[in-house]
Amino acid sequence: MKEAEIRRLLAANLLCVFSIILTAVLPAFFWKGFTVLGTHVAWLCICSVCVSTLNVILHLVLRPNLTPKRSSFAHKISRFLKCCIYFFMSCILFHAIIVLYGAPLIESVTETFLFAVLLSTFTTLQCLCILGPNIQAWIRVFSKNGAMSIWESSLQITTVGSILGAWFGAFPIPLDWDRPWQVWPISCSLGATFGYMAGLIIAPLWIHWNRKQLTYKSR
């Protein structure tokens, strides 16, 4: 395993962490009264757009899943449209799952959907950038010992971190503390964000620590 590849992964992940921090700090200089808690819907939109844009740019620059095959322009357009459809379907699916787990069905529907978009950005978009619209590849990566590169190992860790963070973030909501961050879906979206950021930092460190044990084979 090349150290240079691990350093590239670390740099890309730290850029993503830095971009999330900027979404919480930078808008306050241009938007009076902006806070992550006070204007949470706006922050959800800003964070999703910024993270999505940065991940697409990093994918185009670093090309972690570059293959020697050249595809036609029509194939690229078809692949892009499939990715858009998959991402939209992911948002709908996450929204449905969140409602089934107890989120308001009619009230706060905008907040719930934007939270679903944020989760899709942290999970599905990463899969689309690294694996493309290939469900079989997704199943392979998230099966036991299914990763074939350090990027796929990082994908596993960040996805699990995001979902676990969102799940743990739901625990304080029913508690009678009357805190502003207990308003739906603030604690869940912050939990998902912290879980995603933790995964971004932990992934390259874990890969570096276990680099001698990790053996990636083509399948």
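Preceding this paragraph is the structure being described.
A brief structural summary. (Residues numbered from 1 in each chain as written. Predicted model: local features only at pLDDT ≥ 70, side-chain atom pairs only at ≥ 80, totals over all residues. Heavy atoms only, no water.)

1. Topic: the environment of G161
With respect to the element layout, G161 can be found in helix α7 (residues 150-169). Taking the C-alpha atoms as reference, G161 lies 20 Å from V56; in sequence the two are 105 residues apart. Apart from the residues within four sequence positions on either side, G161 is in contact with G195 and Y196. (Helix = DSSP H or I, 4+ residues; strand = E, 2+ residues; numbered from the N terminus. Contact = heavy atoms within 4.5 Å.)

2. Some details on helix α2 (residues 40-62)
In this model, α2 (23 residues) spans 32 Å end to end at C-alpha, consistent with the 33 Å of a helix rising 1.5 Å per residue. For α2, the complete set of buried residues consists of H40, A42, W43, L44, C47, S48, V51, S52, L54, N55, L58 and L62. Elements in contact with the buried residues of α2: α1 (3-25), α4 (109-122), α5 (124-131), α7 and α8 (186-209). One or two steps after α2, the chain reaches R63, where phi turns positive at roughly 45°. (Expected span 1.5 Å × (residues − 1). Buried < 20%, exposed > 50% of the residue type's maximum accessible area, 1.4 Å probe, protein only.)

3. So, the pattern of salt bridges
Summed over the entire model, instances satisfying the criterion amount to two salt bridges. The closest approach of N and O atoms between E5 and R8, which form a salt bridge, is 3.1 Å. Of the two residues, E5 and R8 both sit in helix α1, three residues apart, roughly one turn of that helix. Between R140 and E152 there is a salt bridge; the shortest N-O distance is 3.0 Å. (Salt bridge = Lys/Arg side-chain N within 4 Å of Asp/Glu carboxyl O.)

4. As for the state of the cysteines
Counted under the stated rule, the structure contains zero disulfides. No disulfide involves C129; its nearest neighbouring cysteine sulfur is the one of C83, lying 7.7 Å away. For C129, a relative accessible area of 10% translates into the label buried. (Disulfide = S-S within 2.5 Å.)

5. A word on unusual backbone geometry
Going from W184 to P185, the amide bond is cis rather than trans, its omega being -5°. On the secondary structure map, P185 appears in the loop between α7 and α8. Unlike most non-glycine residues, S108 shows phi in positive territory, near 55°. By the secondary structure assignment, S108 is in the loop between α3 (73-100) and α4. Given a relative accessible area of 30%, S108 falls into the partly exposed group.

6. Concerning the nonpolar core
Within soluble globular proteins, side chains that are nonpolar generally end up buried alongside one another. Within the largest apolar cluster, 47 residues are counted, with the highest numbers of intra-cluster contacts made by F115 and F122. Those elements that place two or more of their residues in this core are α1, α2, α3, α4, α5, α6 (135-141), α7 and α8. In this view, F122 contacts I20, C47, V51, S162, A192, T193 and Y196; residues no more than four positions away in its chain are not counted. (Core = buried A, V, L, I, M, F, W, Y, C linked by side-chain atoms within 4.5 Å.)

7. As for α5
Among the eight residues of α5, eight are classified as buried, and the element is accordingly described as predominantly covered. Along α5, the positions that sit buried rather than exposed are T124, L125, Q126, C127, L128, C129, I130 and L131. Where α5 terminates, the next one or two residues include G132, which has phi positive at roughly 80°.

8. Section: the packing of aromatic side chains
Inspection of the entire model under this criterion finds seven aromatic pairs. Both rings, one in F115 and one in W184, keep their centres 5.8 Å apart while their planes meet at 90°; by these two values the pair is edge-to-face. Taken as a pair, F115 in helix α4 and W184 in the loop between α7 and α8 lie far apart in primary sequence, 69 residues in all. Each member of the pair, F115 together with W184, is buried. Each residue in the set W167, F168 and F171 is aromatic and connected to the rest through ring pairs, giving one cluster. (Phe/Tyr/Trp six-rings, centres within 6.5 Å; stacked < 30°, edge-to-face > 60°.)

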